[in-house]
Amino acid sequence: MRNRLRITKLFPHRRWRHLSAVFVAALMLAPSAPPANLFGQGARKELTLEAISSPSLMRPRGPRDFHWRPHSDEISYLCPPGVTGVNGNAGEAICIYNAQTLQQRILFAPGANTPRVSLSSYQWSPKGTGLLFAGQGKLWYWDAGSGAVRSISDAAGEFEDPSFSPSGNRIAFTRNNNIDVMSVKTGSIRQLATDGSASVLDGKLDWVYGEEMSYRATLRAYQWSPDGKSIAYLQLNDGPVFQYPIDLFLQDHTRVRLQRFPQAGDANPVASMHVVSVEGGAGITYQLTDGEEYVSPDFEWTPDSRDVCFLTLNRGQTRETVHLWDARSGADQRPVVEHDRYWINSLLPPLFSRNGRRFLWLSERDGWIHLYLYTRQGRMLKKLTSGHWMIDLPIFQGATVQLDRKHGWVYFQATRPDPRERQVYRVRFDGSGFEQITLGHGTHTFMLSPDGRFLLDRFSALNTPPQSLLLRADGKLAAAIYRAGDPLEGYVTGTTQFVTMKVPGGPLLYARLVKPPHFDPNKKYPVIVDVYGGPSIQVVRNQWGVTSPLDQLFADHGFLVWQLDNRGSWGRGHAFETVIFKDLGKHELEDQLTGVRYLESLPYVDPNRIGIWGWSYGGYMTLYAVTHAPAVFKCAVAGAPVTDWHYYDTIYTERYMRTPKENPVGYAESSDVRAASRLRAKLLVIHGTSDDNVHLQNTINFIQALIDARVPYQLYLQPAESHGFLKPASIYYRNMRVFDFFEQNLLTGGEQN
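Caption draft 1: Here's a closer look at the overall build of the chain. If you tally the helices and strands in the chain, you get twelve helices and 46 strands. Taking 2.2 N^0.38 as the reference for a compact globule, 753 residues should give roughly 27 Å; the C-alpha atoms of the chain span a radius of gyration of 26 Å, in line with that estimate. Here the chain holds 753 residues, and 63% of them are scored as buried. Accessible area of the chain: about 27,400 Å², with a carbon and sulfur share of 49%.

The following block contains the structure:
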């Protein structure tokens, strides 16, 4: 449930596991820590629906798409018009920053005579001498020496997920679901995989694999060997997968788009691994055996180009096997087999040392994701990290564990010392030298330079808008590339405080509470509970944007806004997460109700005016809450909700619930549809008619159950929008409907503040 949305994904992972879509449209970052004013209180202007619905106004605009230039201490990035102050660039450009001289300059800015290329598609050649772009159905190469841009492809077809060979003399890509390689010098193309079709994908992920299994930001499922002689790729045969119909209404004749979507218990795509020589000819194939169901799409070659290292899982995702598959003979070694009674979270392949004799392995075997050192043959040498904290593996962010093989360091981001934060650490391959690299309470993500001498630190905190900082390898600040301003500067805003509470007989829970400007503890305020609640996502974090502009609009009009991370959510260890196993909804609601009881204990909360809302899993939890605790909430908004787990995809659903055949009671008791007749709260349901993630089927079945039970409801369907609304008009209208609904049901007739 990761809601990738391809290039324009909601967050960076993605998935419908991501906070509410209104959050997303209005902001783009997220989460938490100690009590504080979120946005400065010297404000004068009042927030409006128009303002919070404009991402360009409310989201800090700064550098993005960072890439270290190979064989250098330079880092490149896209800089928006006028933001970086580099030569007053009028349009978006690619800038570059030198970590030695601390100088910034424009590297490439499209001009009137420049081909229309997609700057966001740029990637460096392996020698750092040029850039590759996509645009106008072609591939383009910019030469850093001459500054010239030339087309290197004239063949027909869409070039998807191109990548350079290690030497840079060739480019591989997928086209028509096959894999081709092109000579950079001549433009000649050789087709390597030829059996691709509408239902067979070579080197490219289908919907369910791309949504639920990949850490990459692209749908690429192939990998060059280090010597550049071979390509390993994953093949997915979607022939057995059900074709789900999605109606396209906004045209003269309604059309149906068919999507391969395996629902819980259905047949999955058939996966296999392949290796082929770039010179052409027959390759070799690995077919899944022994109960293997899935291949993790994040796989690598060993440094000697001998073996392809990939992971397989059984259908229940409780057994994970590491394969070292000989690319010449097809011999298969299995140095590690990991077991978990619930499910396995880490799908990253081993990280090999420089000589390939040892590898690092991420395992949650002790209840927390930590690093282990193994020999290539599978003998465990040492556990490198330990403690009641975890190495973070956030969805869609890319590599969060990075190696400096030359100097023997491994860098990673972790939940230590506060699970609401992310700090960057490093440790040597032998387990010595463990140290924290980043400073400053908040959320840090990083990107290690090719030579291991520098890190890019992307940092933000509750009161600190995003910063792009250049650190030396030991964590010392070298320079600040960019510090964003506060887009809400000058607006009336509320305050955010963070709350810690304990489940009776259980763990600590973290929450946040947004209070109105000029808060009066002697008044009684209505509360909007903003729920997500699902696994692999954590919303209460010390990160910029935890309190969104929509939250601020609510606060400005006299609402309290509350959000809590229940058991089952990410960042607190495996035991905290696996409480929900085979029983979605129940324990999450127990914790959310603990939060409501805390709210009701506050003298300034009106217990008769509590509403709830959420999107995706949060939409599911909203409906589950108002049907399983019908007396608690006065009103609710459910956006794009799963209403019965029979309707969602195999990989996500079965990870937590197993198949409907294995767990019929769990599916029945977790169903919002079956409980619809219990609804007593005022309800608004929102769904995009083209949602390819949580299909409209979910909402249709739920409202039919309401109709059968003669229970009133409101429905808002957004034509032609998918899981996360993207069009400005859709975003504005959704925000308006949500705001008006809560205003009418929680403020009108109650005490106005």
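Caption draft 2: Summary view of empty space enclosed by the protein. Roughly 80 Å³ of internal volume is contained in the second largest cavity. Contributing to the lining of the second largest cavity are Glu320, Glu338, His339, Asp340, Trp343, Ile344, Asn345, Ser346, Leu362, Ser363, Glu364 and Arg365. Of all the elements in the fold, those that place two or more residues in the lining of the second largest cavity are strand E26 (337–339) and strand E28 (358–363).

Caption draft 3: Molecular detail of the state of the cysteines. All chains considered together, the criterion is met by one disulfide. One disulfide bridge connects Cys79 with Cys95, the sulfur atoms lying 1.9 Å from each other. Because the torsion about its S-S bond is 70°, the bridge between Cys79 and Cys95 counts as right-handed. Here Cys95 lies in strand E4 (residues 93–98) and Cys79 lies in strand E3 (residues 74–79), a separation of 16 residues in the sequence.

Caption draft 4: A look at helix H5 (residues 549–556). In terms of burial, H5 is a largely internal element, eight of the eight residues being buried. Looking only at H5, the buried set comprises Pro549, Leu550, Asp551, Gln552, Leu553, Phe554, Ala555 and Asp556. Phi turns positive, to about 95°, at Gly558, one or two residues after H5.

Caption draft 5: Inspection of the side chain of Asn177 at higher detail. Inspection of the secondary structure assignment puts Asn177 in the loop between strand E11 (170–175) and strand E12 (178–183). For Asn177, a relative accessible area of 12% gives the class buried. From its side chain, Asn177 meets the backbone oxygen of Ser197 in a polar contact 2.7 Å long. Once residues lying within four places of it in the same chain are set aside, the contact partners of Asn177 are Gly196, Ser197, Ala198, Val200, Leu201, Asp202 and Lys204.

Caption draft 6: Local environment of the sheet that holds E11. Here four strands make up an open sheet; going across it, the order is E10-E11-E12-E13 and the pairing antiparallel. With partners counted over all chains shown, the strands left at the sheet margins are strand E10 (160–164) and strand E13 (189–191), one partner each. Each strand of the sheet is rotated relative to its neighbour by a mean of 25°, with strand direction disregarded. Here three bridges tie E10 to E11, and the two strands are oriented antiparallel to one another.

Caption draft 7: Spatial organisation of the pattern of salt bridges. Tallied over the full model, the rule gives 29 salt bridges. Among the salt bridges present, the one from Lys383 reaches Asp366, with a minimum N-O distance of 2.5 Å. Of this pair, Lys383 sits in strand E30 (residues 380–383) while Asp366 sits in the loop between E28 and strand E29 (370–375); the two residues are 17 residues apart in sequence, bridging distant segments of the chain. On the basis of relative accessibility, which here comes to 32%, the residue Lys383 falls in the partly exposed class.

Caption draft 8: Just the environment of Val540, in detail. Locating Val540 in the fold gives a position in the loop between strand E41 (525–530) and H5. The spacing of Val540 and Gln563 is 23 residues in sequence and 7.3 Å in space, taken between C-alpha atoms.

Caption draft 9: Examining helix H7 (residues 586–600) more closely. Spanning 15 residues, H7 covers 21 Å between terminal C-alpha atoms, matching the ideal 21 Å at 1.5 Å per step. Along H7, the residues classified as buried are His587, Glu588, Leu589, Asp591, Gln592, Leu593, Thr594, Gly595, Val596 and Leu599. Buried residues in H7 make contact with strand E39 (495–502), strand E40 (508–515), E41, strand E42 (560–565), strand E43 (605–615) and helix H8 (617–628).

Caption draft 10: Broad picture of the sheet that holds strand E36 (residues 454–461). The antiparallel open sheet is built from four strands, whose spatial order is E35-E36-E37-E38. The open sheet is flanked by strand E35 (443–448) and strand E38 (477–483), the only strands paired with a single partner. Each neighbouring strand pair of the sheet contributes to a mean axis angle of 25°, computed without reference to strand direction. Taken together, the five bridges between strand E37 (residues 464–472) and E38 define a ladder with antiparallel strand orientation. Directly across from Ser468, in E38, lies its bridge partner Tyr482.

Caption draft 11: Main features of unusual backbone geometry. Looking along the chain, the bond that leaves Arg416 and enters Pro417 is cis, with omega of 0°. With respect to the helices, strands and loops of the structure, Pro417 is situated in the loop between strand E32 (409–414) and strand E33 (423–428). Unusually for a residue other than glycine, Asn177 sits at a positive phi of about 65°. If you check the backbone angles, Arg710 has positive phi at about 60° while not being a glycine. Along the chain, Arg710 turns up in the loop between helix H11 (697–708) and strand E46 (714–718). Relative accessible area serves as the criterion here: at 79%, Arg710 is assigned to the exposed category.

Caption draft 12: Structural detail: the packing of aromatic side chains. Inspection of every chain in the model, using the stated rule, returns 43 aromatic pairs. Arranged with centres 4.7 Å apart and planes meeting at 90°, the rings of Trp343 and Tyr656 form a pair that is edge-to-face. With Trp343 in the loop between E26 and strand E27 (351–352) and Tyr656 in helix H9 (residues 650–657), the pair connects residues that are 313 residues apart, well separated along the chain. When its relative accessible area of 1% is taken as the criterion, Tyr656 is described as buried. Consider the rings of Tyr648 and Tyr652, whose centres lie 5.6 Å apart with planes at 90°: the pair is edge-to-face. Accessibility classification places Tyr648 together with Tyr652 in one group, the buried group. Between Arg734 and the ring centre of Trp615, over which it is positioned, the NZ or CZ distance is 5.5 Å.

Cut-offs applied
- Residues numbered from 1 in each chain as written.
- Predicted model: local features only at pLDDT ≥ 70, side-chain atom pairs only at ≥ 80, totals over all residues.
- Heavy atoms only, no water.
- Helix = DSSP H or I, 4+ residues; strand = E, 2+ residues; numbered from the N terminus.
- Rg over C-alpha atoms; globule rule 2.2 N^0.38 Å.
- Buried < 20%, exposed > 50% of the residue type's maximum accessible area, 1.4 Å probe, protein only.
- Areas by Shrake-Rupley, 256 points an atom, 1.4 Å probe, with all protein chains shown as cover.
- 1 Å grid on protein atoms, 1.4 Å probe; cavity = no way out; pocket = protein on both sides within 12 Å on 5 of 7 lines; lining within 4 Å.
- Points joined across faces, edges and corners; volume = space filled by probe spheres on them.
- Disulfide = S-S within 2.5 Å.
- Polar contact = N/O pair within 3.5 Å; in protein donor to acceptor, adjacent residues only side chain to side chain.
- Contact = heavy atoms within 4.5 Å.
- Pairing = 2+ DSSP bridges.
- Axes fitted to C-alpha atoms, helices over the stretch in contact; angles between N-to-C directions.
- Salt bridge = Lys/Arg side-chain N within 4 Å of Asp/Glu carboxyl O.
- Expected span 1.5 Å × (residues − 1).
- Phe/Tyr/Trp six-rings, centres within 6.5 Å; stacked < 30°, edge-to-face > 60°.
- Lys NZ or Arg CZ within 6 Å of the ring centre and 35° of its normal.

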